[in-house]
Every structure is written in C-alpha cells, then in structure tokens.
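Residue-level structure breakdown
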Amino acid sequence: MTDTVQQVAVVYGVVRITLLSGDTLAVPRALFRLHPLKVSDTVDVEAYWQKCAKDEYTLGMEKAVRALTARERTQKELERSLLRAGYRPDTTRRIVDYLAERRYVDDERYAMQLVQARQRKHSARRIAQSMQQKGIARETVEAVLEQHVTEDVQQELLDDLARKYLRRHPDIKTPQERQKAIASLVRRGFSYDMAREALQKAQAQKEQD
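All of the points below concern the structure found in this document. (Residues numbered from 1 in each chain as written. Predicted model: local features only at pLDDT ≥ 70, side-chain atom pairs only at ≥ 80, totals over all residues. Heavy atoms only, no water.)

**Regarding the packing of aromatic side chains**
Summed over all chains, the structure comprises 1 aromatic pair. An angle of 70 degrees between the planes, with centres 5.7 Å apart, marks the rings of Tyr48 and Trp49 as edge-to-face. Take Tyr48 and Trp49: they sit in the same class, and that class is buried. We note Arg102 situated over the ring of Tyr98; from NZ or CZ to the ring centre the distance is 3.7 Å. (Phe/Tyr/Trp six-rings, centres within 6.5 Å; stacked < 30°, edge-to-face > 60°. Buried < 20%, exposed > 50% of the residue type's maximum accessible area, 1.4 Å probe, protein only. Lys NZ or Arg CZ within 6 Å of the ring centre and 35° of its normal.)

Okay, structure coming up:
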C-alpha cells in the first residue's frame, strides 16, 4: 500500500518521516542518506524497509561495534542505543543477539567488572540495583554477587562508613540521634541489624582511643 511523504525532519539524530496517512517512519540518519525520501514522494512503506534491510543491519552493526569499542556495555544498554538511533526492534535484536553469542557484549562480564570496581565503595544491594538498572537479569546479578562479593570486604566497608559518620557526628547521645545514625547506614544499602552492630563497634572503638 502506497503513501505520500508530507514532512521530513531530523529529531535528535533520527529522521522522522510523516506520511499523508498520519503514520510516521523513524529512520537512522546514516540509513536515510543511502535511501532518501523527500516531501511529495510516493512510498510503499513495506517495500521501502525491504530495500533498506541489508544496509540497516550493516549500519546498525557498525554503530554497535563502535559503542562497544568505546566502553563495555550491557545487552540492554546496547539495545537502547540502537533503538534511540532509529533502528527497528527486529534489526536491533538480531544485532545484539549476534554480538552476545560471540561474547562481544557479555552481561556477566560487565557485572563482574562492576563488582570489582565498586565493592569497596558500595554495598552489595547498591551494586545489585546498579546492575538491574542497566538491564542485567536478576539471575546473573545474584550469581555474580554470590561469587565475587565477599562478606569481609562488605563488613570492612560498613565499619569504615560507621567510623566516618562518628567523625562527622561525634556526640551521639539520644535514641533519636542513634536512630538517625543507623538510618544513614541503612540508606547505603546495609540491613538494620548490620548497621546497628557496626555503629556499636565504632562507638566502642572511639571510646577506647
């Protein structure tokens, strides 16, 4: 079924083509250069995409490889990047699947690197939240945390945070002040009991010094 191009505009790097029917095509800018349309052109949308398919896949793959060369990414991050650039969902999925099968994009590897970089600064809960925000599957998150986050390192981090809190607030006397101190550690991703015990230990050490 044919339609007529009413408007061609570039929005955030994506070419938006408005048709007489009211439908809109989103075409990656690089692809549009190879397969341009102009106002008043008659277009069969299905035929247009069939003509573009090979070039769309090639250009999308090039974009994905450039993105992975710049830095490690999760599958979901790579997928979002391609979709934002105007690549169609089916094409995007084929590209991401191809790269994932060959481990050019690897969520488990990304998760391990994130743990190594952050476990001495952030709680396991916070690290898990960061992973999930980046689209890493819950099963992968749990497996990587179990293998690579040690209780000793997490305890050292919590003890250090408790000591730092006491240096900033040296006079904790009332129950309200104590609850506020514990709450500050809980917000960093630790359980209430762990936070309470770490605060007690830090106070005991402070009194001995």
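**A closer look at the environment of Asp171**
When you line up the elements, Asp171 lands in the loop between helix H8 (151–168) and helix H9 (175–186). Since its relative accessible area comes to 53%, Asp171 is described here as exposed. Along the chain, Asp171 and Leu185 lie 14 residues apart, while their C-alpha atoms are 17 Å from each other. (Helix = DSSP H or I, 4+ residues; strand = E, 2+ residues; numbered from the N terminus.)

**Brief notes about the nonpolar core**
Formed by 27 residues in total, the largest nonpolar core has its most connected members in Ile17, Val27, Tyr48, Leu78 and Leu99. If you list the elements that add at least two residues to this core, you get strand E2 (14–19), strand E3 (24–28), helix H1 (29–34), helix H2 (45–70), helix H3 (75–84) and helix H4 (89–101). The dominant element in this core, judged by the number of residues it contributes, is H2, at 9 residues. The contact partners of Tyr48, leaving out residues within four places of it in the chain, are Val27, Phe32, His35, Leu37 and Val43. (Core = buried A, V, L, I, M, F, W, Y, C linked by side-chain atoms within 4.5 Å. Contact = heavy atoms within 4.5 Å.)

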